[in-house]
Amino acid sequence: MDTYKKLLKNNRKWARQMEELHPGFFKDLSGQQHPRFMWIGCADSRVPANQIIGLDPGEVFVHRNVANIVLHADLNCLSALQYSVDVLEVRHVIVCGHHNCGGVKAVMEGLRLGMVDNWLGHLHEVRLQNLDELLALPVSERCDRLSELNVLKQVRNVCESTVLQDAWARGQQVSVHGWIYSLEDGILREISEVQTGTEFQKR
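Attention here is on the structure that accompanies the text. (Residues numbered from 1 in each chain as written. Predicted model: local features only at pLDDT ≥ 70, side-chain atom pairs only at ≥ 80, totals over all residues. Heavy atoms only, no water.)

## Thoughts on the side chain of D74
Let me state the cut-off plainly: Put simply, DSSP marks the helices as runs of H or I at least four residues long and the strands as runs of E at least two long, and each gets a number from the N terminus on. Under the scheme applied here, a residue whose accessible area is under 20% of the maximum for its type counts as buried, over 50% as exposed, and between as partly exposed, the area being computed with a 1.4 Å probe on protein chains only. The charge count treats Lys and Arg as positive and Asp and Glu as negative. His and the chain ends do not count. Think of a salt bridge as a Lys or Arg side-chain nitrogen and an Asp or Glu carboxyl oxygen that are within 4 Å of each other. The contact criterion used throughout is that any non-hydrogen atoms of two residues lie within 4.5 Å.
Position of D74 relative to the elements: it lies in the loop between β2 (60-65) and α4 (75-87). It turns out D74 is buried and unbridged, and the closest side chain with the opposite charge, R64, is 13 Å from it. When neighbours within four sequence positions are excluded, D74 is seen to be in contact with N65 and W119.

## Observations concerning the environment of N150
Here is the rule: A 3.5 Å cut-off defines polar contacts: any pair of N or O atoms within that distance qualifies, except that in protein one atom must be a possible hydrogen donor and the other a possible acceptor, and neighbouring residues in sequence count only when both atoms are side-chain atoms.
Structurally, the position occupied by N150 is in helix α8 (residues 139-160). Apart from residues no more than four positions distant in its own chain, N150 is found in contact with A67, N68, I69, L123 and V126. Engagement of the side chain of N150 in a polar contact is seen with the backbone oxygen of A67, the distance being 2.9 Å.

## Things to note about the nonpolar core
Threshold: To form a nonpolar core, buried Ala, Val, Leu, Ile, Met, Phe, Trp, Tyr and Cys residues must be joined to one another through side-chain atoms within 4.5 Å.
Judged by nonpolar contacts, the single largest core of 24 residues is most densely connected at L81, V93, V158 and L164. Only β1 (37-42), α4, β3 (92-98), α8, α9 (162-169) and β4 (175-181) provide two or more residues apiece to this core. The element best represented in this core is α4, accounting for five residues. Excluding anything up to four places from it in sequence, V93 contacts M38, I40, L81, V85, V158, V174, S175, V176 and H177. Of all hydrophobic cores here, the second largest spans 16 residues; its members include L71, M108, L146 and L149.

## A word on the packing of aromatic side chains
Quick note on the threshold: Classification of ring pairs rests on two measures: the distance between centres of Phe, Tyr or Trp rings, Trp counted by its six-membered ring, which must be within 6.5 Å, and the angle between planes, read as stacked under 30 degrees, edge-to-face over 60 and tilted in between.
If you walk through the whole model with that rule in mind, you get four aromatic pairs. For the ring pair W14 and F26, a centre distance of 5.5 Å and an interplane angle of 75 degrees mean the geometry is edge-to-face. Here W14 is found in helix α1 (residues 3-21), whereas its partner F26 is found in helix α2 (residues 25-30), with twelve residues between them in sequence. Owing to a relative accessible area of 36%, W14 belongs among the partly exposed residues under this scheme.

## Remarks on helix α6 (residues 116-129)
What counts here: The length a helix should cover is 1.5 Å for every residue beyond the first. At every residue, the bend is computed as the angle between two fitted axes, covering the seven residues ending there and the seven beginning there respectively.
Here α6 is 14 residues long and its end C-alpha atoms lie 21 Å apart, about the 20 Å a rise of 1.5 Å per residue gives. H122 marks the point of greatest bend in α6, at about 35 degrees. Looking at α6, one finds that the buried residues are D117, L120, L123 and V126. Contacts from the buried residues of α6 go to α5 (102-109) and α8.

## Observations regarding the pairing of β1
Rules: Pairing between two strands requires that DSSP report at least two bridges joining them.
Summarising burial for β1: five of the six residues are buried, a large majority. Two elements, β1 and β3, share five bridges in a ladder whose sense is parallel. Bridge pairing in β3 links W39 to I94.

Structure follows, in structure tokens:
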């Protein structure tokens, strides 16, 4: 069987199982979208948001890109953020990176991968800003630490975005979290303090 046809077969099996476990699941899901969480994560195929946090479809609004980068000029990411905060009124925005990230490794080791190098230029800035700390670590720990530092930077970028600034200014209850995921054991770890707007409300 062609690989893509197997995927369609898997889908039908999954849909049947979901309906057996939760009768009316898809009918209810199609009529509403009220997630409490937004996930900004890496596009890496080994880090599927819903699965690793144990949530069903409809429970988390997801945006993913290479190396979980949040840019103030990235209208794709900001549009997803704005929709989740302003329209869906999520209560939590989670920025999640992961250890053993290919994009982070490319930046840390100076590898050239093609078109994606243009995107990863933003991660080079994080590396340069923290170069002394990174070089003080054993070589084997540098990539994972850069992944963590990148999450911290992207959490700040989310907090400084007009989307969060406006939400906090009008008193909306939404918090921002920075997490790191380990491919070695499948465990998520919180690496930043929960941000609720006090420090970042500039207006």
